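An overview of the molecular structure
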There are 2 protein chains.
Amino acid sequence: MKCKVCRDHAVVDVRRHNAAFCGPHFIAHMQGQVARTIKDFKMFEAEDRLFVAVSGGKDSLAVWDILLDLGYDAVGFYLDLGIGSYSGRSKDAAVAYADRRGAKLVVRSLSDEHGYTVPELSKLTGRVPCSGCGLNKRYEFNRAALEEGFSVLVTGHNLDDEVATLFGNVLHWNVDMLGRQAPVLEERSFESIDGARPVLVRKVKPLVRVAERETAAYALLRGIDYIVEECPMVEGNTQHRYKEAITLIEESSPGTKQQMYFGFLKRAAHRFADESGGGEIVACERCGSPTVRWGETAEAVCSFCKTKGSALKRKEEGYVPSRRPKRRRP
Amino acid sequence: MKCKVCRDHAVVDVRRHNAAFCGPHFIAHMQGQVARTIKDFKMFEAEDRLFVAVSGGKDSLAVWDILLDLGYDAVGFYLDLGIGSYSGRSKDAAVAYADRRGAKLVVRSLSDEHGYTVPELSKLTGRVPCSGCGLNKRYEFNRAALEEGFSVLVTGHNLDDEVATLFGNVLHWNVDMLGRQAPVLEERSFESIDGARPVLVRKVKPLVRVAERETAAYALLRGIDYIVEECPMVEGNTQHRYKEAITLIEESSPGTKQQMYFGFLKRAAHRFADESGGGEIVACERCGSPTVRWGETAEAVCSFCKTKGSALKRKEEGYVPSRRPKRRRP
């Protein structure tokens, strides 16, 4: 196996591109893929201030690394979810990387900001940890980005992540989620007497053209110490099974994942747009974030505030769950 | 495991319904599922004459059996594809079933009707056998149904078949095929000076609510001798891999297949309707079947006639393929 570029010994093959690369040319290939994605989807401009959600894993550290190398003003953001020593080790990886690169990292903790950890939230709500975790990350990433004055939030979702999500969404035909599955979600503002008030920061996924094993290879080749272990709460996660199923097909037909994702964006995504479901988008009564109100007299409280409210109420009351959190039927 | 109905010893479990049945109640359950499907999708009425495409396999014999038991006027149709001794054994199974039930079976052969077998066609066109086979079956089923005076063509496609097709269609976002994937495809007529001339018979799939292993169990319990072996030309068929991948998920989450298929019909199928792709639907210049013409001056010849034409031309010229048929990239 020889490098496509220099014919030197190749260390990484990318079967769906029918190509292989030596270390330096693979790194250049990855940077090129990310630069192309940023350009093709008009993700941001050179002057944008980027806020990179960093978990300490390979994908988020890789995207941060590439953005810094491409010369962007990219600040990291680590949210401590309070998942025991796993969160500690994740944070260490993020901090160590920032130190090594001399890059700025903003750190917040869910516990400080909202009064619970992910395991606590799961017990208090009786829902699987991944569900509350996703909701809180989405909320807090956006809130922190707005508060810290960033125009763009970057996440490390790779092609495998997006395909697994897409697969889950078509398995259950979650038409509203299909309408929102895009490599760029635009900023949203509410008009107020003081002018437009941004409520959702622009969100972008520059790794959508890159497979999971490629970000792992990139991190390895770049000597990035990322946290290899999986979140201990992820067991039985449906997303994992979706990845396995699609990977079965990818193995015999390299390129299937890329075809599925980019085919969706090109030929199908627009068919699911404007899926407000008949509700009206208004500001949440408690936090001001956008939420959907179902009818004139209905409450306008976003999912985050509802979940937080009931969790904290139960916490105050000294609630003890009588059984294990329910498994969500996938 | 006890029968849901009579609490007797159960012989078949249906995990997605969280139910198990003894032999007689499983048979009744299957009949009920099919009767419900016919009603829900308004597939046909008591007075319709049904033409059942019978391959000799479990699904088509099961659907024919159930339709006869439900009291419908259902005539079988066996198309000999000329796949060596496999076709002979398939035909034997269809004929034996018809004899046992005292039911009428129409038999035609692709070779007599069009001048080639499926293996010959594959060699003459250089395409995988499944592709030409599908095209010819669709064409000849419809042609025979119209010529023999039937109003409805019934096929034995089960839930697993439909889900695998759907999965393939969303893997590649074949938007035109998504627009046509339905349990009922309506009859189509062309207006002529003699009045409306039917060109596409109504096509229905009464087994869409039934899984593959359920039709196998049904055939076994009913003592139907079906051909168990798979078509010898099917090796590497992509549909098989799609079934495997989805079955991985079904095993840990029973009901996923049903959710995917019926969720599609309910929430997504209409988004892909009217996908003419900008072409105009006209009668094929050679056979009169509907086909899409791409622009005023373009040829209006259907895929079947194009394929048949070039295959027979090559056959006349004594064409010998220089290599194995190409594998279609899935």
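Relevant structure appears above.
First, a word on what this report is: a plain description of the structure on this page.

Reading the values: the criteria
- Residues numbered from 1 in each chain as written.
- Chains lettered and ligands numbered in written order.
- Predicted model: local features only at pLDDT ≥ 70, side-chain atom pairs only at ≥ 80, totals over all residues.
- Heavy atoms only, no water.
- Pairing = 2+ DSSP bridges.
- Helix = DSSP H or I, 4+ residues; strand = E, 2+ residues; numbered from the N terminus.
- Contact = heavy atoms within 4.5 Å.
- Axes fitted to C-alpha atoms, helices over the stretch in contact; angles between N-to-C directions.
- Expected span 1.5 Å × (residues − 1).
- Buried < 20%, exposed > 50% of the residue type's maximum accessible area, 1.4 Å probe, protein only.
- Core = buried A, V, L, I, M, F, W, Y, C linked by side-chain atoms within 4.5 Å.
- Polar contact = N/O pair within 3.5 Å; in protein donor to acceptor, adjacent residues only side chain to side chain.
- Buried area = accessible area lost by both parts, 1.4 Å probe.
- Salt bridge = Lys/Arg side-chain N within 4 Å of Asp/Glu carboxyl O.

Another aspect to go through is the sheet that holds strand β3 (residues 49-53) of chain A. Consider a sheet: its strands pair through backbone hydrogen bonds, and that pairing is either parallel or antiparallel. Residues and elements named next belong to chain A. With mixed pairing, the 6 strands of this open sheet are ordered in space as β5-β4-β3-β6-β10-β7. Edge positions in the sheet fall to β5 (105-109) and β7 (184-185), since each of these pairs with one other strand and no more. Note: β3 against strand β4 (residues 73-80), 5 bridges, orientation parallel. Among the inter-strand pairings, Leu50 is bridged to a residue of β4, identified as Ala74. Contacts from helix α3 (residues 84-101) reach β4 and β5, with the element oriented near 165° to β4.

Bringing helix α1 (residues 23-40) of chain B into the picture now. Residues and elements named next belong to chain B. With 18 residues, α1 should reach 26 Å at 1.5 Å per residue; the first-to-last C-alpha distance of 26 Å fits that figure. Those residues of α1 not exposed but buried are Gly23, Phe26, Ile27, His29, Met30, Gln33, Val34, Thr37 and Ile38. At the exit of α1 stands Lys42, carrying a positive phi of roughly 45°.

Next up on the list: the nonpolar core. Ranked by size, the top nonpolar core spans 45 residues in total, and within it A:Phe167, A:Trp173, B:Phe167 and B:Trp173 carry the most contacts. Of all the elements in the fold, those that place two or more residues in this core are α7 (159-171), α8 (175-180), α10 (238-252) and α11 (256-267) of chain A together with α7 (159-171), α8 (175-180), α10 (238-252) and α11 (256-268) of chain B. Setting aside anything within four residues of it in sequence, one finds A:Trp173 in contact with A:Leu178, A:Phe272, B:Leu166, B:Val170, B:Trp173, B:Met260, B:Gly263, B:Phe264, B:Arg267 and B:Ala268. In this structure, A:Val14, A:Leu68, A:Ala98 and A:Leu105 belong to the second largest nonpolar core, which totals 40 residues.

Attention now moves to the pairing of strand β9 (residues 195-200) of chain B. In the case of a regular strand, side chains alternate between the two sheet surfaces. By the bridge criterion, 5 bridges tie strand β8 (residues 188-192) of chain B to β9(B) in an arrangement that is antiparallel. Looking across to β9(B), one finds that B:Phe190 is bridged to B:Arg197.

Right, let's get into the side chain of B:Ser87. All names here are of chain B. Positionally, Ser87 belongs in helix α3 (residues 84-101). In this structure Ser87 comes out as buried when scored by relative accessible area, which is 4%. In terms of polar contacts, Ser87 uses its side chain to reach the backbone amide nitrogen of Ile83, at 2.8 Å. Residues contacting Ser87, with those up to four places away along its chain left out, are Tyr78, Asp80, Leu81 and Gly82.

Contact with chain B, which involves 29 residues of that partner, is made by 29 residues of chain A. Summed over both sides, the interface of chain B with chain A buries roughly 2700 Å², with 61% coming from carbon and sulfur. If you look at where chain B meets chain A, you find 0 salt bridges. Remark: the boundary between chain B and chain A carries 15 residue pairs in polar contact (both at pLDDT 80 or more).

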